[in-house]
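# Residue-level structural notes
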Amino acid sequence: MAKKSGADQRMAALVSLCKRRGFIFQSSEIYGGLNGCWDYGPLGVELKRNVKEAWWRDMVMRRTDVVGLDCSILMNPRTWEASGHVQSFTDPMVDCLQCKSRLRADQLENNQCPVCGTKDRFTEVRQFNLMFKTHVGALEDSSSVAYLRPETCQGIFVNFQNVLSSTRVKPPFGIAQIGKAFRNEINPRNFTFRSREFEQMEIEFFVKPDEAPQWFDHWKQTRYQWYLNYGIKKENLHLRDHEASELAHYAAGCVDIEYDFPFGRAELEGIANRTDYDLKRHSEFSKKDLSYSDPEAKQRYFPYVIEPSAGADRGTLAFLTDAYAEEAERTVMRFHPRLAPIKAAVFPLVNKDGMPEMAEKIFADIASEWNCFYDDKGAIGRRYRRQDEVGTPYCITIDGETGKSNVVTVRERDSMKQRHVGMTQLKEFLRERLSGEKEWEA
Ligand code: GAP
């Protein structure tokens, strides 16, 4: 059997930790799973929620020029005719004539089947539409066909006038949405990276056509910096401009934010200049005018759209990968405190001398604000290691000193250093450090 490369080993170790510690499980695993579908376990759901909340806070709440939206997954099928997906949301597909595997024609290396190794023996290339089809209502005929949305942004375009007329926004402004998207990928692969069901975090930012280049630049920088702000190492993050031949049918320009995953450098997020393609197409297909009437300039125009489109699952996978470190004595997840699934763990040193009662009180107090963990089992060193492995930034131990001097021992994940903190100051101490306001030592 071929030996696994270092990168493969690293990926295998991460996947194994994800399962063992409850970050990510195979979907419906007891039935053999379903290819391209994944479930987030007790820690994974916290991590992914924190990623989405950080995005929403920074991209919607903290900005005066972006509002939110939450659209249905099923939409009128005309949406997908207008968007161009029925016609051209396809991947080129071939079958291996030897082992019958179904493969993406554009991902074959040296025209060789990645499953059985056979060379040059494939069917003709066919175009395969990636949208999942279903039927709405009791009749299963062509009149009831609907699609699971393959991207969240179309819900934003079709609500453009609703948002304009119900709020006081005007270009330049954005509409943001987080939600599920579905693509019947021919080859789901690389853990959650290419899934058939995934979540997107998208902003459609509407601007005057001649201002599109400067807003494209703004979003390119803003989104790149966002990943760095949450701890992604700069050397692992890259911007890549698309070649003209790579551009989607609606885009005048696109830049990808790429991350160095163990399986190679790959797209985390795309920032595209979608021009006025979508609003014009929906106007044409719906016969509703989606142009914007500018009261100051006394003119009507179709805004251009700058679209930062990120994957919540790919982002989560990048944060997991970047945080993962194997050290001499421990495996540690160096999550940014804002993303860490558990913010603090509380340990009574021993289960006597009033320590459990004090620990439970402290836990109840801090758990009202953050996701915390209580552990009273096993040696203290082992309890620290278990928390390191899931990236808990702070462990709080209630020991002999607590009863005597009202102090707890706080241990920091990264430096493994410890210090005493007064019980009454504990919440503020954690708040300042979890928010990044203060350093550990301060
Ligand atoms: N509205 C534009 C759009 O959907 P895209 O590049 O096809 O553009 C945007 O997708 C992002 O969605 C990607 O950068 C990626 O993070 C995520 N994404 C796309 N397909 C995915 C898949 N099969 N599995 C996981 N994430 C995916």
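Residues numbered from 1 in each chain as written. Predicted model: local features only at pLDDT ≥ 70, side-chain atom pairs only at ≥ 80, totals over all residues. Heavy atoms only, no water.

### A short note on the overall build of the chain
- Across its full length, the chain holds 13 helices and 23 strands.
- Oriented by its inertia axes, the alpha-carbon framework of the chain measures out at about 75 × 65 × 50 Å.
- Looking at the chain as a whole, 51% of its 442 residues qualify as buried.
- Counting contacts in the chain only where the partners sit at least 6 residues apart, residues at least 24 apart contribute 64% of the total. (Helix = DSSP H or I, 4+ residues; strand = E, 2+ residues; numbered from the N terminus. Buried < 20%, exposed > 50% of the residue type's maximum accessible area, 1.4 Å probe, protein only. Contact = heavy atoms within 4.5 Å.)

### Focus on the sheet that holds strand E21 (residues 394-398)
- Pairing in this open sheet of five strands is mixed, and the strands run E20-E19-E21-E22-E23 from one edge to the other. Edge strands, defined here as strands with exactly one partner in the open sheet, are strand E20 (372-374) and strand E23 (418-422). The mean inter-strand angle of the sheet, taken between neighbouring strand axes irrespective of direction, is 25°.
- By the bridge criterion, five bridges tie strand E19 (residues 344-348) to E21 in an arrangement that is parallel. Across the sheet, residue valine 346 finds its bridge partner in E21, namely isoleucine 396.
- Most of the contacts of helix H11 (residues 380-390) go to E19, to which it runs at about 170°, and overall it touches E19, E20, E21, strand E22 (407-412) and E23. (Pairing = 2+ DSSP bridges. Axes fitted to C-alpha atoms, helices over the stretch in contact; angles between N-to-C directions.)

### Thoughts on the nonpolar core
- By size, the foremost hydrophobic cluster in this structure holds 56 residues, and its most contacted members are Phe23, Trp219, Trp226, Tyr227, Leu237 and Leu320.
- Ranked by the residues each element gives to this core, the list is headed by helix H7 (residues 212-229), at eight residues.
- Excluding residues within four positions of it along the chain, leucine 320 makes contact with Leu14, Cys18, Phe23, Ile24, Leu47, Met333 and Phe335.
- The next biggest cluster of nonpolar side chains, apart from the first, holds 19 residues, and it includes Ala344, Trp370, Ile396 and Leu434. (Core = buried A, V, L, I, M, F, W, Y, C linked by side-chain atoms within 4.5 Å.)

### A closer look at the sheet that holds strand E3 (residues 66-68)
- The strand order across the open sheet built from seven strands is E3-E9-E10-E16-E13-E12-E11, with neighbouring strands paired in mixed fashion. On the outer flanks of this sheet lie E3 and strand E11 (237-241), each paired with one strand and no other. The mean angle between the axes of side-by-side strands here comes to 25°, regardless of whether they run parallel or antiparallel.
- Direction of pairing for strand E12 (residues 253-261) relative to strand E13 (residues 264-275): antiparallel, over a ladder of nine bridges. Across the sheet, residue cysteine 254 finds its bridge partner in E13, namely alanine 272.
- Across the sheet, H7 is in contact with E3, strand E10 (197-207), E11, E12, E13 and strand E16 (304-311); its angle to E13 comes to roughly 150°.

Purely spatial values, then, with no claim about function.
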